[in-house]
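Residue strings, one per chain:
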Amino acid sequence: MEKEKTVTQRLEALRGEMRRRNIAAYIVPTEDFHSSEYVGEYFKAREYLSGFTGSAGTLLVEGDGAALWTDGRYFLQAREQLKGSGITLMKSGQPDVPTLPDYLAEKLGEGEVIGFDGRCVTGAFVKRLQDKTRHKQITFYGGEDLAGLVWPERPSLPARPVWELSVEYAGLTREEKLAKVREQLEKKGADAFLTTALDEIAWLLNLRGDDVKNTPVFLSYLLLSQNSAALCAQGSAVSEDIRLKLEQAGVILYPYEDIEERLALLPAKTRLLADHRRVSYRLLQAIPEGVERLSEESPIERLKAVKTPQERAGIQSAHVKDGVAVTRFMHWLKTHVGKETITEMSAAQKLEEFRAEMEGYLGPSFDPIVAYGPHGAVVHYEATPETDAVMRAEGLCLADTGGHYKEGTTDVTRTIALGRVTEEEKRAYTLVLKGHLRLGAARFPEGVCGQNLDVLAREPLWQEGLDYNHGTGHGVGCLLSVHEGPQSFRWRITKDASCVPLEEGMILSNEPGFYLDGQFGVRHENLELVRKGEQTAWGQFLYLEPLTMAPFDRDAIETALLTEEERKWLNDYHREVYRTLAPHLAQEEQNWLREATAAEKV
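A few points on the structure. (Residues numbered from 1 in each chain as written. Predicted model: local features only at pLDDT ≥ 70, side-chain atom pairs only at ≥ 80, totals over all residues. Heavy atoms only, no water.)

In terms of regular secondary structure, the protein chain is built from 19 helices and 28 strands. The C-alpha radius of gyration of the protein chain comes to 25 Å, within 12% of the 25 Å expected for a compact globule of 602 residues. Along the longest, intermediate and shortest principal axes, the C-alpha atoms of the protein chain span 70 × 55 × 50 Å. The buried share of the protein chain, taken over its 602 residues, is 57%. Counting only contacts in the protein chain whose residues sit at least 6 apart along the sequence, the fraction spanning at least 24 positions is 69%. If you sum the accessible surface of the protein chain, you get close to 24900 Å²; carbon and sulfur atoms cover 50% of it. Computed over 72 positive and 93 negative side-chain charges, the inter-centroid distance for the protein chain is 1 Å. (Helix = DSSP H or I, 4+ residues; strand = E, 2+ residues; numbered from the N terminus. Rg over C-alpha atoms; globule rule 2.2 N^0.38 Å. Buried < 20%, exposed > 50% of the residue type's maximum accessible area, 1.4 Å probe, protein only. Contact = heavy atoms within 4.5 Å. Areas by Shrake-Rupley, 256 points an atom, 1.4 Å probe, with all protein chains shown as cover. Lys, Arg positive; Asp, Glu negative; His and termini not counted. Charge placed at Lys NZ, Arg CZ, Asp CG, Glu CD.)

A separate point is the packing of aromatic side chains. The description of an aromatic ring pair rests on the distance of the ring centres and on the angle between the ring planes. With the rule as written, the count across this model stands at 13 aromatic pairs. Each ring, one from Phe 52 and one from Tyr 74, has its centre 5.8 Å from the other, and the planes form 80 degrees; the classification is edge-to-face. Of this pair, Phe 52 sits in the loop between helix H2 (45-50) and strand E2 (58-62) while Tyr 74 sits in the loop between strand E3 (65-70) and helix H3 (75-81), and the two are 22 residues apart along the sequence. Taken together, a centroid distance of 5.4 Å and an interplanar angle of 75 degrees make the contact between Trp 69 and Tyr 103 edge-to-face. Placement of Trp 69 in strand E3 and of Tyr 103 in helix H4 (residues 100-107) is noted, with a sequence separation of 34 residues between them. Under the relative-accessibility criterion, Trp 69 is labelled buried at 6%. A relative accessible area of 18% places Tyr 103 in the buried class. (Phe/Tyr/Trp six-rings, centres within 6.5 Å; stacked < 30°, edge-to-face > 60°.)

If you want to describe how two helices pack, look at the angle between their axes and the distance between the axes. Contact geometry for helix H14 (residues 309-336) and helix H15 (residues 344-356): axes closest at 8 Å, N-to-C directions at 140 degrees. Taken together, the axes of H14 and H15 are oblique relative to one another. Taken as a pair, H14 and H15 cross one another with a handedness that is right-handed. Only Ala 347, Lys 350, Leu 351, Phe 354 and Arg 355 of H15 make contact with H14, whose side of the interface consists of Asp 322, Ala 325, Val 326, Arg 328, Phe 329 and Trp 332. (Axes fitted to C-alpha atoms, helices over the stretch in contact; angles between N-to-C directions. Parallel < 35°, antiparallel > 145°, perpendicular 65-115°, else oblique. Left-handed = near helix turned anticlockwise from the far one by under 90°.)

Taken in spatial order, the three strands of this open sheet run E16-E17-E20, and their pairing is antiparallel. Lying at the two open borders of the sheet, with one neighbouring strand each, are strand E16 (369-372) and strand E20 (412-417). Direction aside, neighbouring strands of the sheet carry axes that sit 10 degrees apart on average. As paired elements, strand E17 (residues 396-401) and E20 share six bridges and run antiparallel to each other. (Pairing = 2+ DSSP bridges.)

This part covers the sheet that holds strand E15 (residues 361-364). What the three strands build is an open sheet, ordered E15-E18-E19; its pairing is antiparallel. Strands at the two margins of the open sheet, each flanked by one partner only, are E15 and strand E19 (408-409). For strand E18 (residues 403-405) and E19, the ladder comprises two bridges, and the chain directions are antiparallel. Paired with Tyr 405 across the two strands is Gly 408, which belongs to E19. Sheet strands in contact with H15 are E15 and E18, and its direction is about 160 degrees off that of E15.

All right, on to the state of the cysteines then. Inspection of every chain in the model, using the stated rule, returns one disulfide. At a sulfur-sulfur separation of 1.8 Å, the disulfide partner of Cys 449 is Cys 499. Given an S-S torsion of about 115 degrees, the disulfide between Cys 449 and Cys 499 has right-handed geometry. With a gap of 50 residues between them, Cys 449 in the loop between strand E21 (443-445) and helix H17 (450-462) and Cys 499 in the loop between strand E23 (484-489) and strand E24 (507-510) connect regions that are remote in the sequence. A residue is classified by how much of its surface remains accessible, and Cys 499, at 46% relative accessible area, is partly exposed. In this structure Cys 120 is a free cysteine whose sulfur lies 17 Å from that of Cys 232, the closest cysteine sulfur available. (Disulfide = S-S within 2.5 Å.)

This brings us to the environment of Trp 332. Mapping Trp 332 onto the fold places it in helix H14. Measuring from C-alpha to C-alpha, the distance between Trp 332 and Leu 157 comes to 40 Å, with 175 residues separating the pair along the chain. Discounting chain neighbours no more than four positions away, the residues touching Trp 332 are Glu 340, Ile 342, Ala 347, Lys 350 and Phe 354.

The subject of this paragraph is the nonpolar core. Phe 329, Leu 333, Met 391, Leu 418, Phe 444, Leu 502 and Val 530 are the most contacted members of the largest nonpolar core, which totals 78 residues. If you tally residues by element for this core, the top one is H14, at eight residues. In contact with Leu 333, not counting residues within four places along its chain, are Ile 342, Met 391, Cys 397, Ile 416 and Leu 418. Among the nonpolar cores identified, the runner-up in size contains 58 residues, and Val 39, Leu 224, Ala 230 and Ile 242 belong to it. (Core = buried A, V, L, I, M, F, W, Y, C linked by side-chain atoms within 4.5 Å.)

A cluster of nonpolar side chains, Val 455, Trp 462 and Trp 491, forms an exposed patch at the surface whose accessible area comes to about 270 Å². With respect to the element layout, Val 455 can be found in helix H17. A relative accessible area of 36% means that Val 455 is categorised as partly exposed. (Patch = residues over 30% accessible without salt bridge, like charges linked within 9 Å, V, L, I, M, F, W, Y side chains within 5 Å. Salt bridge = Lys/Arg side-chain N within 4 Å of Asp/Glu carboxyl O.)

This is the structure:
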């Protein structure tokens, strides 16, 4: 086996390939061919080349340097992992930090070439590059994967078995879903529709897979018209039984690599809908001349975001199971820490064992974040054997974890006091809790977007001149991606961001936080289901119903900071947690939960 190269050696090998093609700057995103948030091992070229392991980031390699853009979740992690690499950290969204297109527009010379793997960048991204660099007559080289040329032992593409999700859990058959999508296409005046989003295809066809870690999807493309549907997937992953069922629904299976050939067969004057934010530059280039392109949001995105009654019932059931596991974990951690050796990684493994005991558990919905003390300040910290901290009976442990069950997906964060906590930690814990409770208690009319409500979670921190550097909440899939759109809670409104009204049946996370670099971190997260409330003269009102069932740690709450109304909200939630979980717990755990959910005095 070839001796492992250092990051600097890998970058220099890439620069060699760039020089041979006269490429001035080469972009390596964190993308697969489908714009997935999490990607399989084959697609982790950015991680291989940079050494940065976060789930979001874009690497730019130039002839005399390199830079990596990532968001606020990963600033601390990237700072540590990029040390000694020669790669400059670019903190996206921070003052005086240019975007990648702005940086290239400023840095590149007249007529130079930007390279990338055209399968791993979207059409919308390349359009932004074009708009910013047009005045310099910059050209693009997107036909080769140069990172693959310098990655000698690259993992192979996955092709794990595809399996069927019963309509008992999905609520609609694939035929019913196909009809709904075709109805939306007709409304938009589209003759055909291309989707490359793996979670959309899995949802539409009531199929799941295991090609992406922690996300039950399979590598595929779908080209749909009013009277045909072509699914391009890896044939070895699809059983004959599923292939026949797809055919019965009018969906014909083709090889995964045939998608460009299928696009080339589109007749002239076809009006093809393809979301340029998600579809790759290379596929858009493969669309024949004479085919009209409609760049619009995928009709599946909003259909998928509003859960069916069966999905809602299943997700609620999954959260009861998950709440039992998380509560057992909290009890175990608080009663065993300091008495035996517990590290971040062993604690995460213990929680995984508790979840694995639950019927229908399939696996984690993302890599667990169990962060003790200063590690809690790293928003998306991931323990490694080198960083694995031993926990003591003091301070805070932030545990952000989730699971996939047959019935649905969970995502929960609890910050746990392991013993004595400082006044500063208590105050931060309580300010974040106040924001969480305020957002969770929101009542709002139809038409309101997540951007309208985000301030409820941040206001207690803002009053103190404090904040957190991430969104307050994201949509969650049903046995799909733990992060899905289009709905979210966030206050930044960018040019490309649309305001998506919240609808009954949508699910969002409610997860404000606070992070003090080098000291501690706090985050409180429940998943919330949007429900219909009262109808008044001012219209139909909606509210948020907590799906997550697990106690907040009263040992870290500064009760005096809570208003009477906030204490009532907390007490009502804890009463429901106890009522829901107690019947499923052993007597010792039940006794502990009774005390953990005891009412704060109003």
